[in-house]
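Okay, here's what each chain looks like letter by letter:
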Amino acid sequence: MPHFTLSLFLGSRLHIFVPKFTMKLFWTLILIVLYNGYCTEGVNSTLPARPKVVNIGCMLSLNSIVGKVSKIAVEAAVEDINSNPNVLGGTKLNMITLDSNSSGFLGIVEAIRFMETDTVAIVGPQSSVIAHVVSNIANELQVPLLSFAATDPTLSSLQYPFFVRTSPSDMFQMAAIAEMIDHYEWREVIAIYIDDDFGRNGIAALADELAKRRCSISYKAAMKPGATLDDARDVLVQVALRESRIMVVHTYPSKGLEIFSMARYLGMIDNGYVWIATHWLSAILDTSGPLPPDKKENLEGAITLRIHTPRSELKQKFVSRWSNLTKEAGVTGPSGLSTYGLYAYDTVWLLARAINEFFNQGGNVSFSKDQRLTEQNSGSLNLDSMSIFNGGKLLLDNIFKVNMTGVTGPYSFTSDKNLFRPAFEVINVVGTGFRKVGYWSSYSGLSIVPPETLYSKPPNRSSSNQQLHSIIWPGQTTEKPRGWVFPNNGRQLQIGVPHRASFPEFVGKVPGTDSFRGYCIEVFTTAINLLPYAVPYKLIAFGDGRENPDDTELVRLITAGVYDAAIGDIAITTNRTKMVDFTQPYIESGLVVVAPVKQQNSNAWAFLRPFTPRMWFVTGVFFLIVGTVIWILEHRLNDDFRGPPSKQIVTVLWFSFSTLFTAQRENTVSTLGRIVLLIWLFVVLIINSSYTASLTSILTVQKLSSPITGIESLLNTKEPIGYQLGSFARNYLIEELHIDESRLVPLNLPEEYAKALKDGPSHGGVAAIVDERAYMELFLSSHCQFSILGQEFTKNGWGFAFPRDSPLAIDMSTALLKLSENGELQRIHDKWLSGIACTSQNTKLAVDRLQLKSFSGLFFICGLACFLALLIYFVKIACQYCQYYPNSESSGGSSRSGRLQTFFSFVDEKEESVRSRSKRRQLDATSARSIDQDASVNGSRIDRSEIYSNRVVSFGESV
């Protein structure tokens, strides 16, 4: 307002000296300036003035190596921010650091103290356990909690909206470990961890990531937070008794070195073991400098992860300052810079940028009392001094919206409150130091190049693209450890064996003993002897030996933990593979149909058997059709196909059937006739060859016949069907083929098979038996009156069953393949299953007679050729007829019957005669034109009707 009054005063004075037009222009400029100034002043008046100081808290465990490094880093960040007025517009950060001393109780006390000092945000806490407690206070008072070291994945849940993790979560670290385990084709690991929120939740994330890759944690070795060396020894002794040799250690730096020390004392840092440590170990290697030789030996061959931070100028400058920062902080002894320090530095910068944006949006540092606390009688706790930060939600939103580049690289958050594109380095501890063997990132998985170089390419997670450099494992070996051994607890594998009543040649119990013999048993013992390690086992009978047991139930008992494996004549079926893992099949055995067969003797009419009646009929008809077509095509050209009707009929019949022997006397002269004959001779060749082969088989090989030709014909009947008791055939027939259960008859012994088949359905028996080929081939070796009918209608095999993801199943499959390659598997088969009492080498089941459908394609081609040849022929004849007999001159008048009679006469006439008559007609026409011309020149008129009549008479005489 004073500005406006001054303007009026100046305006009145200047009006005396300035012309009127100039005054108008002057007032216009004055108003514009005043308007802009007024608007600017009005806008600025809506934003509250920035405070000179903003209080932030910092909660660390200063007695830890991470806490020491982090304290130096956050103090350096605060100093850098306060020294640059452009960051917060002149506002200073006042950071209050408190030591939680790794105690959850002290963390609560410190959080309460922060809330009494109008703190807008807290950097920390360092521990995930403390973060769980303090996050509840932060939620209540709406104060953002920014932690760079609390990596528990569950802290990102909806339960803690004011918790902000400013470093990669353990969820990504566990994904990297799981991907390494899958890369090296291990299937089970042992997790060693501290049993608190940090350890439990991290291992739960590892279990989830392993499950995605069909791997698992076979044993969880939990240790209490205050575990001593004796506690660590007790836990590791139990670990050594397990079969897995892949150890994942997820603990704190102070406890981790103790675990490795005790493991070396127990001889567990040796060949065959794999030790994978989470990034607590890389923090020790980065901050503690060279380790003493005894501690270094404990870590020999271990693998650890380090959070990957790409190279940048900002990072290089900060690393160069680190030694000076540690000196200024008065740190004695080695204090290297770890990734925790880098993320602590960026966390403060992240908070500063969010606070600056908070002020730009009109945010105000104000607090209000929590009515629930004031209503409580807090006593000496002084809880009513705690206040709610009114701008907490706005500040939190700005924190997640920050997109900056820090010493750790590009820094931003995803929608699920995790850092964008987290990555880790894979470190191998070897010799006097450690070496980098690769990287892992959520974008591209395992690689040997830095992840940032792959971001410009499409993600490729294929197995061939997942790579790491060679690793030196415990025991100074570069050969990948197998990852498991048999447990050293003196326990034998409990292997179930079906104790059947039938077919002891496959599996049979030795009378009076607990041992077994047979084809399947010898295959198992031979294969297990090929393994490069000893396998203690004990065979346990499943079944009473009087009735065949249910193999599916035996397999289910593996999943229940009753048996460690199952061997014997166990078919690999779909529902069983859902419960266990099977080895490579060592014998093929699908379901087949067995039924009685009768000998089919030869007789006087055996020569008619190769073809079905329909095939005979169609073949004969085609002989006549082809002969007729050839006669039509050759009749006007070939004298062999002309003559009296009786001669022509005989010619057609003789020519047709003589093509069967290629002995026809008549020659074909037309092009169309030769084409048709060539195609027909090819058809005759195929028919003749097929007939000869089938007739030879009928007359030389003994044939067997049966009304049942396979599973299809069996399904179309209502007769009873037999099956082996305990076999999967029953469920298959009911569930897959939908056969009524009342038709199925269970049979136990081979003798029952033979009796049921001999009696047949009319005498209480069965029409056929459906069982596995291996059993039926052994059964038929002594029962030649039966036979396998049709084809094998399922493709199964027998294998040994092991628990899901059992490494022994893989090794046994490899051993079975070796047995197959060196011929040992065939030798075992011949030893147990080649004792045939009768032979059927010269006996074959009567095959189906040659059907018309087998030759339908040939007949179609031949018929099509005949049709096209006749079509072309008749088109050609019609054109000739129109040319030689125009309508105006055709004999027989203009009636339709006359023209048709003339056409048939033309078709029956020999082509040479037609052409000769045509030439003569052309000569007569020429002569007539000459006479007309002469009459016109001499002036004499000649009666044209006379001339034409003479010409007609002349034509008639010539005929």
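Model, not experiment: these values are computed from the prediction. What you see as residue numbers is a count from 1 along each chain, following the sequence as written. Under the rules for a predicted model, residues below a pLDDT of 70 receive no local features and side-chain atom pairs below 80 are neither given nor counted, while totals for whole chains, interfaces and linings still include all residues. With hydrogens and water set aside, each side-chain value is computed from the structure's full complement of heavy atoms.

**Student:** Looking at this structure, how should I read helix H11 (residues 280-287)?
**Tutor:** Because the α-helix completes a turn every 3.6 residues, residues three or four places apart line up on one side. Residue burial is assigned from relative accessible area. The probe radius is 1.4 Å, only protein chains are included, and a residue is buried under 20% of its type maximum, exposed over 50%, and partly exposed in between. Here a strand is any run of E in DSSP of at least two residues, a helix any run of H or I of at least four, and the numbering for each starts at the N terminus. Counting buried positions along H11 yields eight of eight residues, so the element is predominantly enclosed. Regarding H11, the residues found buried are Trp280, Leu281, Ser282, Ala283, Ile284, Leu285, Asp286 and Thr287.

**Student:** Explain the packing of helix H17 (residues 519-528) against helix H28 (residues 824-833) to me, please; I cannot follow it from the model alone.
**Tutor:** Any two packed helices are characterised by the angle at which their axes cross and by the distance between the axes. To get an axis, a line is fitted to the C-alpha atoms, and for a helix only the part in contact is used. The angle between two axes follows their N-to-C directions and goes from 0 to 180 degrees. Two elements in contact, H17 and H28, have axes whose closest approach is 9 Å; the angle formed by their N-to-C orientations is 155°. It follows from the interaxial angle that H17 and H28 lie roughly antiparallel. Like other packed secondary-structure pairs, H17 and H28 cross with a definite hand, here right-handed. Facing H17, whose interface residues are Tyr519, Glu522, Val523 and Thr526, H28 presents Glu824, Leu825, Arg827, Ile828, His829, Lys831, Trp832 and Leu833. Geometric relationships in this document are graded by angle, where less than 35 degrees denotes roughly parallel, more than 145 denotes roughly antiparallel, 65 to 115 denotes roughly perpendicular, and other angles denote oblique. Left-handed describes a crossing whose near helix is turned anticlockwise from the far helix through less than a right angle; right-handed describes the clockwise counterpart. Here a residue-residue contact requires only that any non-hydrogen atoms of the pair lie within 4.5 Å.

**Student:** Whenever I open this one, the pairing of strand E8 (residues 246-250) confuses me. Can you help?
**Tutor:** The two faces of a sheet get side chains in turn, since along a regular strand they alternate between them. Burial analysis of E8 places five of its five residues in the buried class, the great majority of the element. Judged by which residues are buried, E8 turns out to be covered on both faces: Ile246, Val248 and His250 on one side and Met247 and Val249 on the other are all buried. Bridge count between strand E6 (residues 188-194) and E8: four bridges; the pairing is parallel. Within E8, the position partnered with Ala191 by the bridge is Val248. Two strands are said to pair when DSSP picks up at least two bridges between them. Strand direction decides the pairing type here: E8 and strand E9 (residues 274-277), joined by four bridges, are parallel. By the bridge assignment for E9, Val248 is matched with Ile276. With respect to chirality, the unit in which E8 leads through helix H10 (residues 253-265) into the neighbouring parallel E9 is right-handed. A clockwise course of the path from the first strand over the helix to the second, judged with the strands pointing away from the viewer, identifies a crossover as right-handed.

**Student:** Quick question: what am I supposed to make of the sheet that holds strand E10 (residues 303-307) here?
**Tutor:** Adjacent strands of a sheet form backbone hydrogen bonds with each other and so pair up, either parallel or antiparallel. The strand order across the open sheet formed by eight strands is E7-E6-E8-E9-E10-E15-E16-E17, and the pairing between neighbours is mixed. In this open sheet, the two strands that pair with only one neighbour each are strand E7 (216-223) and strand E17 (445-447). Ignoring strand direction, the axes of neighbouring strands in this sheet form an average angle of 30°. Of the pairings in the sheet, the one linking strand E16 (residues 433-441) to E17 comprises three bridges and is antiparallel in character. Along E17, the bridge assignment pairs Tyr439 with Ser447.

**Student:** Please explain the packing of helix H14 (residues 339-360) against helix H16 (residues 392-401) as it appears in this structure.
**Tutor:** As a packed pair, H14 and H16 sit with axes 8 Å apart at the nearest point and diverge in direction by 125°. The orientation of H14 with respect to H16, classified from their angle, is oblique. Pair H14 / H16 crosses with right-handed handedness. For the pair formed by H14 and H16, the contact residues are Leu350, Leu351, Ala354, Ile355, Glu357 and Phe358 on the first element and Leu394, Leu395, Asn398 and Ile399 on the second. In terms of residue class, the contact of H14 with H16 is built from eight nonpolar, one polar and one charged. The nonpolar class holds Ala, Val, Leu, Ile, Met, Phe, Trp, Tyr, Cys and Pro. Asp, Glu, Lys and Arg form the charged class, and all remaining residues, Gly among them, are polar.

**Student:** Quick question: what am I supposed to make of the packing of aromatic side chains here?
**Tutor:** Each aromatic ring pair is characterised by the separation of its centres together with the angle its planes make. Centre distance within 6.5 Å is the pairing criterion for rings of Phe, Tyr and Trp, where only the six-membered ring of Trp is used; planes under 30 degrees apart are then read as stacked, over 60 as edge-to-face, and the remainder as tilted. Counted according to the given criterion, the structure contains 34 aromatic pairs. A ring pair is formed by Tyr519 and Tyr586, whose centres lie 6.1 Å apart and whose planes are at 50°; its orientation type is tilted. With a gap of 67 residues between them, Tyr519 in helix H17 and Tyr586 in the loop between strand E23 (581-582) and strand E24 (587-588) connect regions that are remote in the sequence. Judged by relative accessible area, which is 1%, Tyr519 ranks as buried. Residue class for Tyr586 comes out buried when judged on its relative accessible area of 4%. Here the aromatic cluster, defined as three or more aromatic residues joined through ring pairs, consists of Phe503, Phe506, Tyr519, Phe524, Tyr537, Tyr586, Tyr753, Tyr775, Phe779, Phe786, Trp798 and Phe800. For a ring to carry a charge above it, either NZ of a lysine or CZ of an arginine must fall within 6 Å of the ring centroid while also lying within 35 degrees of the normal to the ring plane. Taking the ring centre of Tyr219 as reference, the NZ or CZ of Arg242 above it sits at 4.1 Å. The ring of Tyr443 carries Arg421 above its face, with NZ or CZ at 4.7 Å from the centroid.

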